Amino acid sequence: MDQDKLRKLLTNDGYIALAFNRYQRFKQSNTYDEQYKYDILSDLNEYFTGLEITEDNVVEVVKYVEKANPSKGFFAFWTDLSDLNEYANEKPEEVARLLNNLYFNNNDSIEQRINHFRQTGKAHNSKIRLGGALFGYLLAAYNYNQYPIYKDGVLDYIKESFNINVKSGLVSENYQFYYDILQVVHDYFQEQGYSLTILDVQDFFFCLTSYDKLKVESAVDFIYKEAVDLAAFSKDDEKFLAKIHKCNRDVLNDLRKRYQQGTKVNKIRYQLIDQILNGETVNLEQFEQIKNEISEENEKNILRNWNNFKILFQFHYQPIQRKVEFELANIHKAISDLEHFEDHEFVEGDVINGFNWNRNLGGSSTWVAVYPNSKVSHKEAAQLYLAIDKEGVKYGVLHGTEHPQHGERDIETDTDLTKFTFEKMKEKYESVYPRFIQDNEVDFDGELSSDFDNVFDSVEQAEWVFNFASQSLSELGIESPGNPKAAVSFPSKKKFHVDFGRWLIFSTTRDRNKSIQVAVALLYKDVKDTNYKTELFTQYDEKAQVALTYLPFEDFKSNEDLHESHHQALQVALSEFKNYNKSPYRKSNNPTLESAVFDQNLRKKVLVEGLNDEEPEVTENIVEIPTIDFKQELTVNNLYFENKELILKQVKTALENGKHIILTGPPGTGKSKLAKAICNSYGAQFKMKTATSDWFTYETMGGYRPNIDGTLSFQPGLFLNCFKDGQTNQPINKWLIIDEMNRADIDKAFGSLFSALTGDSIELNFQSDSARQINLLPQEDETSVVPNDYEYMIPNDWRLIGTMNTLDKASLYEMSYAFMRRFAFIPVGVPKDINDEMVELYLNKWGVTNYSYTSVLTFIWQQINDIRQIGPAIVEDIAKYTAIDGDFTSAIILYVLPQFEGLLDQDILEFINRISQVDQINEDELKSFAEDFFHVKV
């Protein structure tokens, strides 16, 4: 890409300067954790100073570089370094020559030097792995003032953030382009008076990619700047008009094409742009004349709802709209990902409203709202809300227009943006968290407070349980609240627990059938021959064995023999803990419930009015492993597939038979939405991630990460976090959706999960904080576990759902047979019979009403699928884009032609010729785009 164009894309909107200011402050914060890069690379640069690389020392040089690669935040993949090491051992003279050429050949570009290195290496061993990260590391190790370390993910983020439409290419091409970007930014900051190395620029972009603090603060600064500008323009038409005259000519040309066939207001816009591009200066009086002339062409007053700001808004906003929405999406995701909310599932990407949120007419405010996926719409939810306008940034909890408490809010406003920080925002959201949770809960009818719906059926039943708990504690010598040897707890409001010493002696909860069951300490000899589930507390021959026994509430309530067994079990407990001073569960004690056990008057009040005190955390003796009922009907609403019944049958059959699934198909067929809908139908919690080539077992399984005191602790990765709550160590069953699965190097990223999925127990090469080896275990016949920090149990009902874009499968990582046989591959194709009736059905699903171009849309979809299969999602984009003015030419350029990458030139031109028979298509404009984008000779 031309350097001037690249510089404009990177610097023209002012974002990069604002972000760099925030980055300088960020480097001084405790969150910044990248100093190790400078330390390691400084040592390496010193090592290479004056070093002559020869065939005699090249193996030593490569090993030195390999050893310096950090385990946390590694610069290059270990597999690539291992392959280079092996290459150096086998051909030291050749590798020495390649490294010298890489470092000292100033006649060739970086791209040429890297490409030469790779081609030579591949000639030696076609399977050798020499990726972009490796070359970034090798070059930075030699001179980090000149060469940056490299990650594909950072380059992808830069391109998306700054709307740089350059496709990924060869390893050498990608690094060269990455280097060019960093060099342009380096030179720009040098002109601003900063003294930087290329590593400083790399660190800036890496932090911008990786740290939510820097992302959010930079995004807020940028959007606030735009809000202030738009607010000023809304009050001053002359100032706004003057700004339009200074717009980028390429932008104005694009808008002129967009409005060329426009009517009414769009015709006014076209006339204004046309005169500006022809070199004329249009003042406010002349602009009013243009408006009046075009208004008179229409019978109705077309300007009734249009002031000058609304007419001119798109000229200013269109060039920055994508950037504003990208940064708002970063803010939305950062709020959703706050650690305080990690156990909650939110609607992804909704609501994100740019400055055009008010019916696309334009304004000077923008906002995002995060709300639970249990709600149909943000309108009926209590929302985690953030808005930006000329007054500053506002954040907190806000109730939607259809919520019973609409109008209520707890919002903090920062009018001085220099004082806004990610930490302040996070602290505010954490402070409103209880209200956010409470106001999104559904209240149930009945005399019993909804607080106790998960543990009792009625006040009468609860009374019996409290009386029984009081009697049991009395037999243990506890006659009043406050005794540290006992605890009464209410974990997650789903279980009522009474503990003594280290034992759970009595508990109530609901079983899978929603019936109340008890867990009670009984003598094992009294229940060993029953069908009740038991868990032994004692294993000593000289003592009576006591077992925690699970049985229906009514079975226990009416059985006097079991009551006597419980009485005898309590005597064993009394002996077992006679020297015990304090139960470890005392920290989870709920004082209100404990008092209610002994005070009947308080008990009545609590059971009817509920708890007002904060619920304490709890660590339980034995915890059930969450399950999924696969026998329930699989339903998918608000999604349409031509062969929907067959797809759902295949999904249900595969999941019931223990298979994980991969949904395959062309782009836009709804694979990702279907994956989420499957999880929701089964009531399964899920996490969704998009695979990347950077994935390694560190990201997926876990690894050691440094603590503040310099020690290392094992931190679970993406997969292990699906099986266990990181705070309580309790088992969870969170399904995993991996979007674009074949973008990852499967064998490298998934590692030992393969073996565990086939029923093998795996011992990882890490230790927990309790100094026990980390184990990954299949559930098999287990139904419950004792929580600990070293065992991760894969539930029998856990499933992994992948999606795979079949258009990419030839160019991305291949899947081994060993991997594929663990999955059922389910095709999600495009409709075979595309007609007006079917398109109308889709339009209704998409909420596109009164659409005037159904037949045109049908015809274009048919022609697209003759060339390359695409799904309804891309057609939805076309429909929504063309709903207002029928600009199919722009829609085809934006959404369709980029999908034709890799097709023959003649096929692309044939497609353009076919659709050009449509009145709404500008054939010359499409061919011009194809000539520029695909280098097609027209």
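What counts and what doesn't
- Residues numbered from 1 in each chain as written.
- Predicted model: local features only at pLDDT ≥ 70, side-chain atom pairs only at ≥ 80, totals over all residues.
- Heavy atoms only, no water.
- Helix = DSSP H or I, 4+ residues; strand = E, 2+ residues; numbered from the N terminus.
- Rg over C-alpha atoms; globule rule 2.2 N^0.38 Å.
- Contact = heavy atoms within 4.5 Å.
- Areas by Shrake-Rupley, 256 points an atom, 1.4 Å probe, with all protein chains shown as cover.
- Lys, Arg positive; Asp, Glu negative; His and termini not counted.
- Charge placed at Lys NZ, Arg CZ, Asp CG, Glu CD.
- Pairing = 2+ DSSP bridges.
- Axes fitted to C-alpha atoms, helices over the stretch in contact; angles between N-to-C directions.
- Phe/Tyr/Trp six-rings, centres within 6.5 Å; stacked < 30°, edge-to-face > 60°.
- Salt bridge = Lys/Arg side-chain N within 4 Å of Asp/Glu carboxyl O.
- Buried < 20%, exposed > 50% of the residue type's maximum accessible area, 1.4 Å probe, protein only.
- Core = buried A, V, L, I, M, F, W, Y, C linked by side-chain atoms within 4.5 Å.
- Parallel < 35°, antiparallel > 145°, perpendicular 65-115°, else oblique.
- Left-handed = near helix turned anticlockwise from the far one by under 90°.
- Nonpolar A, V, L, I, M, F, W, Y, C, P; charged D, E, K, R; others polar.
- Polar contact = N/O pair within 3.5 Å; in protein donor to acceptor, adjacent residues only side chain to side chain.

With an unreviewed UniProt entry as reference, the chain is termed AAA+ ATPase domain-containing protein, source organism Alkalibacillus silvisoli.

Caption draft 1: Expanded view of the overall build of the chain. If you tally the helices and strands in the chain, you get 36 helices and 23 strands. Taken over C-alpha atoms, the radius of gyration comes to 32 Å for the chain, in line with the 30 Å a tight globule of 938 residues would show. The principal-axis extents of the C-alpha atoms in the chain amount to approximately 100 × 85 × 55 Å. When contacts within the chain are restricted to residue pairs at least 6 apart in sequence, long-range pairs at least 24 apart make up 66% of them. For the chain, the computed accessible surface area is about 43,800 Å², with 43% contributed by carbon and sulfur atoms. Counting 99 positive and 146 negative side-chain charges, the chain places the averaged centre of each group 1 Å from the other.

Caption draft 2: Representation of the sheet that holds strand β14 (residues 686-690) in the model. Across the sheet, 5 strands lie side by side as β14-β17-β22-β13-β23; this open sheet has parallel pairing. Here the strands that pair on one side only, and so sit at the sheet edges, are β14 and β23 (823-827). Put simply, the sheet's adjacent strands are angled 20° from each other on average, direction ignored. In the sheet, β14 pairs with strand β17 (residues 735-739) via 5 bridges, with the strands oriented parallel. Within β17, the position partnered with Phe-686 by the bridge is Trp-735. Relative to the sheet, helix α25 (residues 644-656) contacts β13 (660-665), β17 and β23, its axis offset from that of β23 by approximately 175°. Packed on one face of the sheet, helix α26 (residues 671-681) meets β13, β14, β17 and β22 (800-805) and runs near 165° to β22.

Caption draft 3: Structural view of the packing of aromatic side chains. Tallied over the full model, the rule gives 72 aromatic pairs. Arranged with centres 6.0 Å apart and planes meeting at 90°, the rings of Phe-341 and Phe-346 form a pair that is edge-to-face. Between Phe-900 and Phe-911, the aromatic rings sit 5.0 Å apart at their centres with planes inclined by 85°, giving edge-to-face as the arrangement. Taken together, the residues span a long stretch of sequence, with Phe-900 in the loop between α34 (888-896) and α35 (905-915) and Phe-911 in helix α35 at a distance of 11 residues.

Caption draft 4: Geometry of unusual backbone geometry. Residue Val-351 is bonded to the preceding Asp-350 through a cis peptide linkage, with omega at 10°. Relative to the helices and strands, Val-351 is located in the loop between α17 (308-336) and β1 (352-353). We note that Glu-740 has phi near 55°; this positive angle belongs to a residue other than glycine. Tracing the sequence through the fold places Glu-740 in the loop between β17 and α28 (746-750). A positive phi is found at His-935, a non-glycine position, where the angle reads about 60°. Mapping His-935 onto the fold places it in the segment after α36 (923-933).

Caption draft 5: Molecular detail of the pattern of salt bridges. Enumeration over the complete set of coordinates arrives at 34 salt bridges. Of the charged contacts in the structure, one is a salt bridge between Asp-439 and Arg-435, with a shortest N-O distance of 3.2 Å. Here Asp-439 pairs with Arg-435, and both are found in helix α18 (residues 422-439), just 4 residues apart, close to one helical turn. A salt bridge links Asp-451 to Lys-493; its shortest N-O distance comes to 3.1 Å. Of the two residues, Asp-451 is situated in the loop between α18 and α19 (459-475) and Lys-493 in the loop between β6 (486-489) and β7 (496-500); the sequence distance between them amounts to 42 residues. With a relative accessible area of 27%, Lys-493 lands in the partly exposed category. Linked through salt bridges whose partners overlap, the residues forming this network are Arg-22, Lys-213, Glu-217, Asp-221 and Glu-423.

Caption draft 6: Fine view of the sheet that holds strand β2 (residues 366-370). Judged by pairing direction, the sheet is antiparallel, and its 5 strands sit side by side in the order β1-β2-β3-β4-β5 without closing on themselves. Strand pairing shows two members of the sheet lacking a second neighbour, β1 and β5 (409-414), which therefore form its edges. In the sheet, strand β3 (residues 382-389) pairs with strand β4 (residues 392-399) via 8 bridges, with the strands oriented antiparallel. The residue of β4 that forms the bridge with Gln-383 is Leu-398. Contacts from α17 reach β1, β2 and β3 within the one sheet, and its direction differs from that of β2 by about 30°.

Caption draft 7: Expanded view of the nonpolar core. Counting 139 residues, the largest nonpolar core has Ile-158, Phe-205, Ile-331, Leu-386 and Tyr-429 as the members making the most contacts within it. In terms of residue count, α17 provides more of this core than any other element does, 13 residues in total. In terms of nonpolar packing, the next biggest core, distinct from the first, is built from 57 residues, Ala-677, Ile-678, Met-701 and Ala-744 among them.

Caption draft 8: Geometry of the environment of Phe-422. The topology assignment puts Phe-422 in helix α18. The buried category is assigned to Phe-422, whose relative accessible area is 12%. With 206 residues separating them in the primary sequence, Phe-422 and Val-216 have C-alpha atoms 6.7 Å apart. Not counting the four nearest positions on each side in its chain, Phe-422 is found in contact with Asp-212, Lys-213, Val-216, Glu-217, Ala-334 and Leu-338.

Caption draft 9: Helix α33 (residues 872-882), seen in detail. Along α33, the residues that are buried comprise Pro-872, Ile-874, Val-875, Glu-876, Ile-878, Ala-879 and Thr-882. Packed against the buried residues of α33 are α26, α31 (836-846), α32 (854-867) and α34.

Caption draft 10: View of the pairing of β4. With respect to burial, β4 is a largely interior element, 7 of its 8 residues being buried. Linkage of β3 to β4, two consecutive antiparallel strands, is achieved through a turn of 2 residues. Pairing between β4 and β5: 6 bridges, direction antiparallel. Bridge pairing links Gly-396 to Ile-411 in β5.

Caption draft 11: Up close: the environment of Ala-749. Here Ala-749 shows up in helix α28. You can call Ala-749 buried: its relative accessible area is 0%. Linking Ala-749 and Met-701, residues 48 residues apart in sequence, is a C-alpha distance of 8.3 Å. Not counting residues within four places of it along the chain, the set of residues in contact with Ala-749 comprises Trp-695, Phe-696, Thr-697 and Thr-700.

Caption draft 12: The packing of α19 against helix α22 (residues 560-576), seen in detail. Direction vectors running N to C along α19 and α22 enclose 40°, while the axes themselves pass 9 Å from each other. By the angle class used here, α19 and α22 are oblique. For the pair α19 and α22, the sense of crossing is right-handed. For the pair formed by α19 and α22, the contact residues are Trp-464, Phe-468, Ser-472 and Glu-475 on the first element and His-563, His-566, His-567, Leu-570, Gln-571 and Leu-574 on the second. Considered class by class, the residues forming the contact of α19 with α22 number 4 nonpolar, 5 polar and 1 charged.

Caption draft 13: Fine view of the side chain of Asp-13. Within the secondary structure, Asp-13 sits in the loop between α1 (3-11) and α2 (15-26). One buried charged residue, Asp-13, remains without a salt bridge, the closest side chain of opposite sign being Lys-323 at 5.3 Å. Polar contacts involving the side chain of Asp-13 include one to the main-chain amide nitrogen of Tyr-15, which spans 2.9 Å. With near-sequence residues (within four places) excluded, Asp-13 lies in contact with Phe-222, Lys-225, Glu-226 and Lys-323.

Caption draft 14: Seen up close, the pairing of β13. β13 sits mainly inside the fold: 6 of its 6 residues count as buried. Every second residue of β13 is oriented toward a common face, with His-660, Ile-662 and Thr-664 on one face and Ile-661, Leu-663 and Gly-665 on the other, all of them buried. Pairing between β13 and β22: 5 bridges, direction parallel. Within β22, the residue paired with Ile-662 across the bridge is Gly-802.

Caption draft 15: A look at the side chain of Thr-858. Its place among the elements puts Thr-858 in helix α32. Exposure remark for Thr-858: the relative accessible area of 3% places this residue in the buried category.

Caption draft 16: Inspection of the packing of helix α15 (residues 264-277) against helix α16 (residues 284-296) at higher detail. The N-to-C vectors of α15 and α16 enclose an angle of 140°; their axes lie 10 Å apart at closest approach. One element, α15, and the other, α16, form an angle in the oblique class. You can see that α15 and α16 cross each other, and the crossing is right-handed. The segment α15 lies against α16, with Lys-264, Lys-267, Ile-268, Gln-271, Leu-272 and Gln-275 engaging Phe-287, Ile-290, Lys-291 and Ile-294. Its residues assigned to classes, the contact of α15 with α16 shows 5 nonpolar, 2 polar and 3 charged.

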